[in-house]
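# Architecture at a glance
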Amino acid sequence: MTRLVTKKRELTKMKTGLIVLAGIASVVAHPVLAKDLTIGLSGTVTSIDPHFYNASPNNSIAMQIFDRLTERTAEGQLVEGLATRWEAVSETKWRFTLREGVKWHDGKPFTSDDVVFTLGRAGSVPNSPGGFGGFMRNIESVEAGGETTVTINTKAPAPTLPGELANIAIVSRHAGEGADTADYNSGKAAIGTGAFRFTTFKQGIEVALERNADWWGKNVVWNHATYRMISNASARTTAALAGDVDVIDAPAATDIKRFKTTTNLSFVSTPGLRVIYLAPSAAGDAWKANVKGPNGEALETNPLADRRVRKALSEAINREGIVDKIMEGTATASGQWLPKGAFSYTSDIQPPTPDLAGAKKLLADAGYPNGFQLTVHVPNDRYPNAPAVVQAVAQMWTRIGVKTNVEALPWTTFSSRKSEFAMKLLGLGNATYDASSMLVNVLGTVDPKRGLGAANDSGYSNPVLDDLVSKAMMIYDDKTRESGLVEAVKVAINDGAIIPLYQQSNAWVMRKGISYAPRIDERTLAKDISE
């Protein structure tokens, strides 16, 4: 069986309904390259190595320096990248035709061998806190067929491979072979084919980039782009109002009305793919330091390992109240991890109605009539209003007898210690545009050989769920594959594998005269900002 998947044919089922309060102009064909761009980024970039950590701030930078075989538009449409054509030669073999004439930043030609090298490296970077192996879990071997053809053999039918490869930055063999993450961070190995060249990286402070005049893509307006890491929302607001930066992402909900009425600023937003959720540790020993009995005594067993306890915690949360009072309308309450309209979203799962009495009964049935003590960890500089959200959840849990403390940490510390926490708040951008990103990377049983659990920091394991996901992801027929994924979503939610809270909206504020099409994947790309 042969199926041809060519440029611009794979469309996401997301119905984004963009909200644009300032007109989005098309890119000028021949812009005057006179100005530099400064972006105030809400998240912290932890590395320039594009395969080190699958986190949105890191990916925003990687997408400037490196290209991918396939790319996503702002609305999620799959389009050409370094590959101009891809086709399923059989159910277990894909052939990619590469773009000709592409050069690395150092002038050397891009070839099929670089793709072979990349797909051998991307899933196994040492010390990665959450890597990209899940996107390549089905790859058996990669073969270069001349300079401009790559054949990928898969372990099983892999109908979604072209879309998954939109998450894998292509790096060069000549710069990357023998290099480690530190070499990318220093710039030594940060040689890409992308719209910008690496200039400097100051962790926690800024990333500086320079326009690549030889880029194969569309014209880029800016000679230089500087990403300043401004984790504090008030500081980003001040920087935007003062004109210290040209663009900020993730504006504070409390400041949106002000931004909309400020004459020299524009505001754009769109519903996003990111879900904010709580992740309970159901296995291992991490819980012991952060879960105690009702009087602070040590417990012999982990309450969070009991599905009834996880369900009780979920039922105690007033999601609509959080969205209304804390997120101020910049999010949508959710009982699953995909927004309405996305591929494998199901209307059968709605946000749970708060039920304190029911939650208390579940705790009692599980053997905790007097509750227990719990510490929840949250990053204080990654997701909008996250500490306030967790404080609200802590109050709700305390009302059912789970006395909850909150510990907020900087993202750099939090991300490196995630596996130590009993309960933590996280976000997932659903980079596969379907349920598989969560099912494979976060909820999959940790198994590097199968490409499962690359971001599983909670020890969750459900072999039945793993099997459902594996079978669904081998189905070429979209409708049948979606039904299989929906079944897996229901199993995961019923098991309390995670506790979804809400879907974030994505927003940007920029000075008048600048245009940016808001992306459902929340990434801020200097190469796509026009003037």
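Higher on the page you've got the structure.
Cut-offs and rules
Note that residues are indexed from 1 along each chain, following the sequence as it is written. This being a predicted model, a pLDDT of at least 70 is required before a residue's local features are given, and a value of 80 or more before pairs of side-chain atoms are given or counted; all residues contribute to the totals for chains, interfaces and linings. Hydrogens and water are ignored here; the side-chain numbers use all heavy atoms of the structure. When a carboxyl oxygen of Asp or Glu is within 4 Å of a side-chain nitrogen of Lys or Arg, the pair counts as a salt bridge. Secondary structure is summarised from DSSP: a helix means a run of H or I of at least four residues, a strand means a run of E of at least two, and numbering begins at the N terminus for each. Under the scheme applied here, a residue whose accessible area is under 20% of the maximum for its type counts as buried, over 50% as exposed, and between as partly exposed, the area being computed with a 1.4 Å probe on protein chains only. Two N or O atoms form a polar contact when they lie within 3.5 Å of each other; inside protein one atom must be a possible hydrogen donor and the other a possible acceptor, and for residues adjacent in sequence the pair counts only when both atoms belong to side chains. In this analysis, rings of Phe, Tyr and Trp, with Trp reduced to its six-membered ring, are considered paired at centre separations within 6.5 Å, and the interplanar angle assigns stacked below 30 degrees, edge-to-face beyond 60, and tilted for intermediate values. Lysine and arginine charges are scored as sitting over a ring when NZ or CZ, respectively, is within 6 Å of the ring centre and within 35 degrees of the ring normal. Residues are called lining when one of their atoms sits within 4 Å of a cavity or pocket point, these points coming from a 1 Å grid over the protein atoms alone, where a cavity is a set in which a 1.4 Å probe fits but cannot get out and a pocket is an open set with protein on both sides within 12 Å along at least five of seven lines. Grid points are joined across faces, edges and corners, and a volume is the space filled by probe spheres set on the points. Each residue gets one of three labels, nonpolar for Ala, Val, Leu, Ile, Met, Phe, Trp, Tyr, Cys and Pro, charged for Asp, Glu, Lys and Arg, and polar for the others, Gly among them. Following DSSP output, two strands are said to pair if at least two bridges run between them. A contact between two residues is defined here by any heavy atoms of the two lying within 4.5 Å.

Attention now moves to the pattern of salt bridges. Within the structure shown, the criterion is met by 26 salt bridges. With a shortest N-O distance of 3.4 Å, Asp528 and Lys218 are connected by a salt bridge. You can see Asp528 sitting in the segment after β20 (499–511) and its partner Lys218 sitting in the loop between β11 (206–211) and β12 (224–229), a full 310 residues away along the chain. Assessed through its relative accessible area of 35%, Lys218 is described here as partly exposed. Connected via shared salt-bridge partners are Lys35, Asp246, Arg511 and Glu531.

For helix α8 (residues 307–315), the full list of buried residues reads Val309, Arg310, Ala312, Leu313, Ser314 and Glu315. With a side-chain oxygen positioned 2.8 Å from the backbone nitrogen of Arg308, the residue opening α8 is Asp306.

Glancing now at the environment of Ser461. Inspection of the secondary structure assignment puts Ser461 in the loop between α13 (436–442) and α14 (463–472). Separated by 170 residues in the primary sequence, Ser461 and Val291 place their C-alpha atoms 20 Å from one another. A polar contact of 2.7 Å, which involves the side chain of Ser461, links it to the side chain of Thr445.

Aromatic ring pairs are reported here in terms of the distance separating the ring centres and the angle at which the planes meet. Applying the stated criterion across every chain, the model contains 11 aromatic pairs. Where Tyr53 meets Trp411, the ring centres are 6.1 Å apart and the plane angle is 10 degrees; that geometry is what we call stacked. Within this pair, whereas Tyr53 is found in the loop between β3 (37–41) and α1 (56–65), its partner Trp411 is found in helix α12 (residues 411–417), the two being separated by 358 residues in sequence. Geometrically, the ring pair formed by Trp411 and Phe414 is stacked, given 5.8 Å between the ring centres and 20 degrees between the ring planes. A residue pair is termed a helical-turn pair when its members lie 3 or 4 positions apart in one helix, as Trp411 and Phe414 do in helix α12 at three residues. Neither residue differs from the other here; Trp411 and Phe414 are each classed as buried. Within the aromatic cluster, the residues linked to one another by ring pairs are Tyr53, Tyr383, Trp411, Phe414 and Phe421. Geometry around Trp411 places Arg382 over its ring, the cationic atom sitting 5.5 Å from the centre.

Approximately 810 Å³ is the volume attributed to the largest pocket. As for the largest pocket, its lining consists of 45 residues, of which Arg236, Ala250, Pro251, Ala252 and Pro384 are closest to the centre. Counting residues per element, the ones that place at least two in the lining of the largest pocket are α1, α6 (233–242), α7 (256–261), β14 (265–280) and β20. In terms of residue class, the lining of the largest pocket is made up of 18 nonpolar, 18 polar and nine charged.

This brings us to the pairing of strand β7 (residues 93–98). Because side chains alternate across β7, one face comprises the buried residues Trp94, Phe96 and Leu98, and the other comprises Lys93, Arg95 and Thr97, none of which is buried. As judged from the six bridges shared by strand β6 (residues 83–90) and β7, these two strands associate in the antiparallel manner. By the bridge assignment for β7, Ser90 is matched with Lys93. Linking two consecutive strands that pair antiparallel, namely β6 and β7, is a turn of two residues. Bridging between β7 and strand β9 (residues 149–154) involves five bridges; their strand directions are antiparallel. Residue pairing for β9: Trp94 is matched across the bridge by Ile152.

Let us look at the side chain of Thr46. Looking at the element boundaries, Thr46 is found in the loop between β3 and α1. A relative accessible area of 10% places Thr46 in the buried class. Those residues in contact with Thr46 that lie beyond four places of it in its chain are Tyr53, Asn58, Phe201, Gln203, Trp411 and Thr412.

Remember, this is a structural readout, not a statement about activity or role.
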